[in-house]
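Read off the chains here:
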Amino acid sequence: MKNCGDLVDNKSAIVGGVGDMYSEDSATLDQPITPWTISVASGYSLMRDPRYNKGLAFTEKERDAHYLRGLLPPIVLSQELQEKKMMNLIRQYEVPLHRYMAMIGLQETNERLFYKLLIDNVEELLPVVYTPTVGEACQKYGSIFRHSQGLYISLKEKGKILETLKNWPERSVQVIVVTDGERILGLGDLGCQGMGIPVGKLALYTALGGVRPSLCLPITIDVGTNNEKLLNDEFYIGLRQKRATGEEYDELLQEFMYAVKQNYGEKVLIQFEDFANHNAFELLARYSSSHLVFNDDIQGTAAVVLAGLLSALRLLGGTLADHKFLFLGAGEAGTGIADLIALEISEQNGKPIEENRKNIWLVDSKGLIVSSRKESLQDFKKPWAHEHEPITGLINAVKAIKPTILIGTSGVGKQFTKEVVEDMASFNKTPLIMALSNPTSQAECTAEEAYTWSEGRAIFASGSPFDPFEYEGKTFVPGQANNAYIFPGFGLGVIMAGSIRVHNGMLLAASKALASQVTEEHYEKGMIYPPLTNIRKISANIAAKVAAKAYELGLASHLPQPEDLVESAEKCMYSPVYRSYL
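Reading the values: rules and limits
- Residues numbered from 1 in each chain as written.
- Predicted model: local features only at pLDDT ≥ 70, side-chain atom pairs only at ≥ 80, totals over all residues.
- Heavy atoms only, no water.
- UniProt positions renumbered as here; feature names shortened; annotations may be inferred.
- Core = buried A, V, L, I, M, F, W, Y, C linked by side-chain atoms within 4.5 Å.
- Buried < 20%, exposed > 50% of the residue type's maximum accessible area, 1.4 Å probe, protein only.
- Helix = DSSP H or I, 4+ residues; strand = E, 2+ residues; numbered from the N terminus.
- Contact = heavy atoms within 4.5 Å.
- Pairing = 2+ DSSP bridges.
- Axes fitted to C-alpha atoms, helices over the stretch in contact; angles between N-to-C directions.

- The name an unreviewed UniProt entry assigns to the chain is Malic enzyme, from the organism Gossypium barbadense.
- UniProt, in its Sequence similarities (unreviewed entry) section for the chain, records the words "Belongs to the malic enzymes family."

Take a look at the structure:
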């Protein structure tokens, strides 16, 4: 039986990646392969191809066979020793951006060593290659830019986007992460320099979800920027014009979406990343019925937060329907999470989703979202306009609503003040506080503040990582509601099944699969997410549940369904171990 899109055979796929078209990884570890590029690679060109470069790990026989004699020092170093050396080097850098640049430099020269480092040291390196460091990297992307790692599609390419896509050297692409750079993390409009986000996300698709790097394509849509600082920066790498809007923007995006489908087929997963609210919701609504699309800010964030809530019920007691939710922030993340919570409650109690929204309240920049404001609200906020007198200020909303769960998605730091947290603790034995805004500087409060101000009674989770904190002799381990828990496994599951569309049921399946990975040992430390050290196992379980739901819903095209989807997911995962080139 075949699996992973019928591209990997069960008998040989112990280290295969999804869509292993050259059989480079579907060979067993002791089976030599020929390092193909455009032609058989030898010597100087072989060392400079990041996919096949092994640094000093080329054996004596490989050096003879591939004309490497004299091009390398005489010593042969194992991949494990190279990994140790590289980690020692990275740890010497005190500035996070320098660590980021060292990792990106490694990715550009030795792909397998990069992924080996990231997989084996995920908790230490995830904040380096993604949040929070990637935010600073995007801000300075023009200054640190060395090599292109994806496709840049600007207004200059209008009318020839399909031709531009064909310039990418890989013909088989299964995951695209695309941004237009308008709302990068909590940092605002970074224009073309938002490319750091798709590059970072796809590195995690491979390291955490096992999708082969050759199947991943980062893309930035450049329609200009309204960031005056960047427009006046001599090192800015994007179009020097104000951001295009309206018909011009819509036409470019439509051409892009249909060119992607024409070039890569029906089953390429397009992940929208860091689009501004007014475009994010519209793009997802417009293309979800015709393309395989996923918005990580709306759907991925919602799935990971829902997973945290489901696991937290073990500590809080009751069901989701028994709790009252208050959100600070009513953008993509806030409304996306709220929608998925209401959907899960409806799955549990069978009541209409409209009724289950009544215990979910949102606060935006103008105050509590209530029915008297409905006429002035954006469409995606209107379902959350409940009957209540108008209230301004978060603390007043907390006093009036008395939520059991407080969730921050505002993108504005320090909003969960001492008064807010103390109030939450005054009417909740165990308040759940989720400060989700990224990067760390934009978090609504810190772990230390949440634990201290609640006298050690709060359950805390954040978007960016915080160190464990000791309060009155007890050590608390903050949870990180990191989308990296969800999207790599979710994407792998979609690809495994050959799903033609994303369905909300697949998001719920991913959330439940993640929540099920939290153990009693984790709960004792106040954790509502499992450790990232187990992320590949977690991703395999998520992929299996997502794929199973795709088969159940009739959306899967890779038939027949494998008997053991977890085993299939594990077999599909790309391995970064060096291969023998003899």
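Now, onward.
## Brief notes about the nonpolar core
Step number 1: Ranked by internal contacts, the top residues of the largest apolar core, which has 123 residues, are Met434, Phe490 and Tyr529.
Step number 2: Of all the elements, helix H14 (residues 296–316) adds the most residues to this core, at eleven residues.
Step number 3: When residues no more than four places from it in sequence are discounted, the contact partners of methionine 434 are Val305, Leu309, Leu406, Ile407, Gly408, Phe416, Ala461, Ala481, Ile528 and Tyr529.

## A closer look at unusual backbone geometry
Step number 1: The residue after threonine 131, namely proline 132, is reached through a cis peptide bond having omega 5°.
Step number 2: Tracing the sequence through the fold places proline 132 in the loop between helix H6 (122–129) and helix H7 (133–139).
Step number 3: Each neighbour pair has its own omega, and for leucine 559 with proline 560 the value is 0°, a cis peptide bond.
Step number 4: By secondary structure assignment, the location of proline 560 is in the loop between helix H23 (535–552) and helix H24 (565–572).
Step number 5: Even without being glycine, aspartate 274 reaches a positive phi, approximately 60°.
Step number 6: Structurally, aspartate 274 is set in the loop between strand S6 (269–272) and helix H13 (277–287).
Step number 7: In this structure aspartate 274 comes out as buried when scored by relative accessible area, which is 2%.
Step number 8: Positive phi values are uncommon outside glycine, yet glutamate 472 reaches one of about 50°.
Step number 9: Along the chain, glutamate 472 turns up in the loop between strand S14 (469–471) and strand S15 (474–476).

## Examining the sheet that holds strand S16 (residues 479–480)
Step number 1: Taken together, seven strands build an open sheet; the order of strands is S10-S9-S8-S11-S12-S13-S16 and the sheet is mixed. Both outer strands of the open sheet, strand S10 (367–368) and S16, are each paired with one neighbouring strand and no more.
Step number 2: Looking at chain direction, strand S8 (residues 325–328) and strand S9 (residues 360–364) are connected through four bridges and run parallel. Its bridge partner being in S9, leucine 328 is matched across the sheet by valine 363.
Step number 3: In the packing of helix H15 (residues 332–349) onto the sheet, the strands contacted are S8 and S9, and the crossing angle to S9 comes to about 175°.

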